Amino acid sequence: MDTLSLADLTILLVEPSNMQRNIIRTRLHEAGIDNFLMAENCEQALELAIKTAPDLVVSSMYFSDGTATDLVQQLRANDLSRDVAFMLISSEACHHTLDAIKQAGVIAILPKPFEFTHLLAALQATISYIEPDNEVLDSLDFSDKTVLVVDDSQTARRHISKVLENIGLTKLILAENGQEALSLMVNNQVDLVITDYNMPIMDGAALIEALRQHPTFCEIPALMVTSENNCAKLDGVRQSGVSALVDKPFDIDAVKQVLTRLFD
């Protein structure tokens, strides 16, 4: 089977501004991509995504009929489009606004204007998201490892699970919060916990603290995937004994490096 390349990708570009569409399309063309679909709003984008199954949706934030957050949630709610890769290109800087779309499981968030190198990295991450990383699969055997994924967002759990499966971690257990995770660990052997920070009932920081104080679970590595930008909170997580912190969007290359180190 031939390895997927950037030239093989079909991009659905969702941008209401004709000028911005042309700019982004030109940069994508410079990256080697020539297969494009165009939409100006959420309704058009959803219809095209369901009908044509693009490899990647590249979207701005605001449209006449909604936002990119609305669009990605609609995509995730439909069985025909729920796993499509999604990239946001936006000048939006509000953490609260961006957090909602991060939780939906996106490949990358690029600013306007964006650096070409960042675009290339996001496109390569799309390749890794779409098909298994055979190089990693050949060099590392994760087949005997069981990972507990803890996130209150179903779409985030699905996104993280797909990334993990593509690098050979197929034995996955899913939980919606820290309390459920601890209950599941009582009857399941777990080699790694990957948890979100902000969750109801028991958040990621409380979960990691509980793990470190538990006589059976205290040595299990814990990776936190979070969109949190509060330095004080993150410092507290580091002190609680987290093995590694990874930002949302879930950076595939960063996860590979962390897992290689944790399972070495």
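This one's a predicted model, so the numbers in the text were calculated from it and none came from an experiment.

Judged by which residues are buried, strand 10 (residues 192-195) turns out to be covered on both faces: L192 and I194 on one side and V193 and T195 on the other are all buried. By the bridge criterion, four bridges tie strand 8 (residues 146-150) to strand 10 in an arrangement that is parallel. Residue pairing in the sheet places L148 in a bridge with V193 of strand 10. Where strand 10 and strand 11 (residues 222-226) come together, three bridges link them in parallel fashion. Residue pairing in the sheet places I194 in a bridge with L223 of strand 11. The handedness of the strand 10 to strand 11 crossover, carried by helix 9 (residues 204-213), is right-handed.

Let us look at the UniProt feature "modified residue: 4-aspartylphosphate" (unreviewed entry) in the chain. Per the UniProt record, "modified residue: 4-aspartylphosphate" (unreviewed entry) is annotated on D196. As for its position among the elements, D196 is in the loop between strand 10 and helix 9. With sequence-adjacent residues up to four places away left out, D196 is seen in contact with Q103, V150, D151, D152, G204, M224, V225, T226 and K248.

The next subject is the nonpolar core. If you look at the biggest cluster of nonpolar residues, it comprises 44 residues, and the most contacted ones within it are M87, L123, L164 and L259. Among the elements that take part in this core, helix 5 (residues 116-130) stands out by supplying six residues, more than any other. Ignoring anything within four residues of it in the chain, the contact list for M87 reads L56, V57, V58, S59, A108, L110, L119, A122 and L123. In this structure, I173, Y197, A222 and M224 belong to the second largest nonpolar core, which totals 21 residues.

Across the sheet, five strands lie side by side as 2-1-3-6-7; this open sheet has parallel pairing. A strand with exactly one partner marks an edge of an open sheet, and here the two such strands are strand 2 (35-39) and strand 7 (108-110). Taking the axes of each pair of neighbouring strands and ignoring which way they run, one obtains an average angle of 20 degrees across the sheet. As defined by bridge partners, strand 1 (residues 10-14) adjoins strand 3 (residues 56-59) across four bridges and the pair is classed as parallel. Residue pairing in the sheet places L12 in a bridge with V57 of strand 3. Each of strand 3, strand 6 (85-89) and strand 7 touches helix 5; the most contacted strand, strand 6, lies at about 165 degrees to it.

Let us look at the packing of helix 8 (residues 178-187) against helix 9. One can describe the packing of helix 8 onto helix 9 by two numbers: an axis separation of 9 Å at closest approach and a directional angle of 30 degrees. In this view, helix 8 runs roughly parallel relative to helix 9, as classed from their interaxial angle. Each of G178, A181, L182 and M185 in helix 8 lies in contact with helix 9, whose residues at this interface are L207, A210 and L211. When the residues that make up the contact of helix 8 with helix 9 are grouped by side-chain class, the tally is six nonpolar, one polar and no charged.

The next point concerns the packing of aromatic side chains. According to the stated counting rule, one finds zero aromatic pairs in the structure shown. The ring of Y129 carries the charged tip of K162 above its face, separated from the ring centre by 5.2 Å.

What counts as what
- Residues numbered from 1 in each chain as written.
- Predicted model: local features only at pLDDT ≥ 70, side-chain atom pairs only at ≥ 80, totals over all residues.
- Heavy atoms only, no water.
- Buried < 20%, exposed > 50% of the residue type's maximum accessible area, 1.4 Å probe, protein only.
- Helix = DSSP H or I, 4+ residues; strand = E, 2+ residues; numbered from the N terminus.
- Pairing = 2+ DSSP bridges.
- Right-handed = clockwise from strand over helix to strand, strands pointing away.
- UniProt positions renumbered as here; feature names shortened; annotations may be inferred.
- Contact = heavy atoms within 4.5 Å.
- Core = buried A, V, L, I, M, F, W, Y, C linked by side-chain atoms within 4.5 Å.
- Axes fitted to C-alpha atoms, helices over the stretch in contact; angles between N-to-C directions.
- Parallel < 35°, antiparallel > 145°, perpendicular 65-115°, else oblique.
- Nonpolar A, V, L, I, M, F, W, Y, C, P; charged D, E, K, R; others polar.
- Phe/Tyr/Trp six-rings, centres within 6.5 Å; stacked < 30°, edge-to-face > 60°.
- Lys NZ or Arg CZ within 6 Å of the ring centre and 35° of its normal.

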